[in-house]
Amino acid sequence: MATFLYRIGRGAFRRRWLVALLWAVILGAAGAGAATAPAAGDDGTSFMPGIEAQRAFDLIGERFPGADADGADARIVFIAPDGEKVTAAGHRAAIDAFVATAGDGPQAASAVSPFTANAVSEDASTAYATVTYEVSSGDLTDAGRTALETAVDKARDSGLTVEAGGSALSSQPAAGGAAEAVGIGLAAVVLLITFGSLAAAGLPLLTAVVGVGISIGTILALGSALGLSMTTGTLASMLGLAVGIDYALFVVSRYREERETGHEPREAAGLAVGTAGSAVVFAGLTVVIALAGLSVVGVPMLTKMGLSAAGAVVVGVLVALTLVPALLGMWPNAVLSRTARRRGVAAARRTGPAGNGGSRWARFVLRRPVAVLLACVAGLGVLALPVADLQLGMPGAEAKPVSTTERRAYDALAEGFGPGFNGPLTIVADVKGASDPEKAATTVADAIRDTDGVVSVSPPRFNAEGDTALFSAVPATAPNDERTKDLVQTIRAERGGLESDTGATFEVTGSTAMNIDVAQALQDALVPYLSVIVVLSLLLLTLVFRSVLVPVKAAVGFLLSVLASLGAVVAVFQWGWGAGLLGVEQTGPIMSLMPIFLVGIVFGLAMDYEVFLVSRMREAYVHGERPAQAVVSGFRHSARVVAAAAVIMIAVFSGFVGSGESMIKTIGFGLAVAVLFDAFVVRMAFVPAVLALLGDKAWWLPRLLDRLLPRVDVEGTGLTGRSAPAGGGRPAREPVRT
């Protein structure tokens, strides 16, 4: 591996203009594809095959072919001024005028008046009209939206307060450009402080932007064909930018180190790609495994997000291995420190310090490993305690800022019609096997109406064949209330008795039931998914480090950091601790997709730091240093760069906390704190403490495994004799085997 990458680095350095031109062409092609591709529609990713709510949804589509379950809709809420009623003549006329205008709008299928649909609150202070469309929200044209907005504005002119909910006028989150700009700005400051050179700081930023540009351009170009949403692109850009900067940072840092040991520029580029590039490849591979593994969970949106982000990581790896050495070839001395440029690399080597903050910290941990280890485990364990109270759900309009009309419409409906009105349950009754279908459907509806926690049930509506009935049940509690979840399970538990009595069966669906089922399915999938990626990581890290205990230690550290980060997410977004500081206006259940997605990403990033940091320790150990000294050497060479890489990732992820999209906000916060815990607690303290206690045993590998495992040479042993700098080096030694 190291020799192959060494040749790639030297080749890219020598053919730098060709390599740069190829990447420029790829970037241009991705940009052209994005500019000419049609806009992506609704990806329909809230659904999950195999769950009851999805089966019921599919049955509705099959038995009621005239109804477009995916069609856009708008629920327009009218609120009378204090002391007035919407039924007053003037207000009623304004509402009727709105219904007539909205119903005649482009792509509109129907508009139902609140006065004919019994959609007026008991005190007549609030009413709502429902507008449905012939197309999905993604296919709704600007003309259709503008016509609806104009009708809403005209109704407001009458003195009514008018708010709009539903998918037709749903506000879309910003594409995330501001978040990326904040992240890039903070990353530039960190890189400048780390390297002390504008060129060295700018090169990782430039290559990361190229990689992200290619990834986002490709996602936009394929968005319509593959149903990739804006959230998918935002997460791909988030990860692509973070790992792109980090991977380039490690290659540039190793290049500077090789130059300061006396290597000429082309050789230094080859060695940097052969050594740091090997770590980049395996670190990137762990991230890709974790992200691609999301596809086994069975949620289409999660699969698209994972594969898109994995593609962005692959692009980041390829850019670091080829474009970075090519740009180093264009400006071979610009990335060096000021001392090296002014006095020459040999002088910089002679005057360079023998130790630094990283080595001093490593010696501190080595002197008291037990105390440091206990402090890490106890601290992260306390932070992980809130995970025991983790509640999953799918926040909707109630999680949006109060500045949005969707949130205000949600609150108005909850106040006027009850908290459960925003999350009605849809019941589809299959009465094909009943002797009296109409009576069977009525019996099912009456039984559900009599269930504790149900406020009202609509009359059953039959399809053309008369073998399927559809009705809705309004709960007494809000959609994300735990009591609503219990209600859904209670209704489903009644199915067996009703089926034996009537010959009919039924299933529960609707957005509320769908979210409940998805949350439960994801919660059930979390442990199996975690087990799969941990086992794969153990195999991969065993191959990389040729050790049994180092991968086990890495997996334990990952579990500590991911549980602590999930605990922090629960504390902020569910319990509300510090929520106001992050702009979280509504606390409640954690988005059901969040934990499993966070686990996948944090796993990949945790293995990044493990590979970068421990590979330098193994490199020192294989080249003759004692275990304790190898830990110190690894920290001396890598701690500063790993810390800078972690700060950059934290800065990039923190930039997304300001997003108006609740999922992006939650993931941005979760990733930022996860990197904080993993890089600065687990990798910088837990790892050296464990290695200090293990000693030579850390690098133990059974002889059978040693013979079976291929040698990937991530530490660059095969490059030692190619062009050793003056002074030579220690002879390599074999790790401990039994």
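Structural notes, computed from the coordinates.

Calculation rules
- Residues numbered from 1 in each chain as written.
- Predicted model: local features only at pLDDT ≥ 70, side-chain atom pairs only at ≥ 80, totals over all residues.
- Heavy atoms only, no water.
- Salt bridge = Lys/Arg side-chain N within 4 Å of Asp/Glu carboxyl O.
- Helix = DSSP H or I, 4+ residues; strand = E, 2+ residues; numbered from the N terminus.
- Buried < 20%, exposed > 50% of the residue type's maximum accessible area, 1.4 Å probe, protein only.
- Patch = residues over 30% accessible without salt bridge, like charges linked within 9 Å, V, L, I, M, F, W, Y side chains within 5 Å.
- Areas by Shrake-Rupley, 256 points an atom, 1.4 Å probe, with all protein chains shown as cover.
- Lys, Arg positive; Asp, Glu negative; His and termini not counted.
- Charge placed at Lys NZ, Arg CZ, Asp CG, Glu CD.
- Expected span 1.5 Å × (residues − 1).
- Contact = heavy atoms within 4.5 Å.
- Pairing = 2+ DSSP bridges.
- Axes fitted to C-alpha atoms, helices over the stretch in contact; angles between N-to-C directions.
- Core = buried A, V, L, I, M, F, W, Y, C linked by side-chain atoms within 4.5 Å.

## Examining the pattern of salt bridges
For side chains of opposite charge, pairing can occur when their charged atoms come near one another. A complete count under the given rule lists 21 salt bridges for this structure. A salt bridge links R63 to D430, with the nearest nitrogen and oxygen atoms 3.3 Å apart. Here D430 lies in strand β6 (residues 425–430) and R63 lies in helix α3 (residues 52–63), a separation of 367 residues in the sequence. The class for R63 is buried, based on a relative accessible area of 12%. Across the pair R407 and D411 runs a salt bridge, and its minimum N-O distance is 3.1 Å. Placement of the pair is R407 and D411 together in helix α15 (residues 405–417), with a separation of 4 residues, close to one helical turn.

## Re a positive patch on the surface
Together, R360, R363, R367 and R368 give the surface a local cluster of positive charge. When you line up the elements, R367 lands in helix α13 (residues 357–367).

## Considering helix α1 (residues 2–14)
With 13 residues, α1 extends 18 Å from end C-alpha to end C-alpha; this agrees with the ideal 18 Å at 1.5 Å per step. Buried residues of α1: A2, L5, Y6, G9, R10, G11, A12 and F13, and no others. Here the buried face of α1 lies against α2 (16–36), α9 (265–292) and α10 (300–330).

## Concerning the sheet that holds strand β2 (residues 108–112)
Backbone-to-backbone hydrogen bonds join strands into a sheet, with any given pair of strands oriented parallel or antiparallel. The strand order across the open sheet built from 4 strands is β2-β3-β1-β4, with neighbouring strands paired in antiparallel fashion. On the outer flanks of this sheet lie β2 and β4 (161–165), each paired with one strand and no other. Ignoring strand direction, the axes of neighbouring strands in this sheet form an average angle of 20 degrees. Lying over the sheet, helix α4 (residues 89–103) contacts β1 (73–79), β2 and β3 (126–133), oriented at roughly 165 degrees with respect to β2. The strands that α15 touches are β1, β3 and β4; relative to β4, the one it contacts most, it runs at about 105 degrees.

## Considering the environment of A151
Its place among the elements puts A151 in helix α5 (residues 142–156). Residues A151 and G105, 46 residues apart in the sequence, show an inter-C-alpha distance of 9.3 Å.

## Concerning the nonpolar core
The biggest cluster of nonpolar side chains holds 196 residues, and the ones touching the most others in it are Y247, I448 and F653. Of all hydrophobic cores here, the second largest spans 27 residues; its members include A94, I95, A108 and L169.

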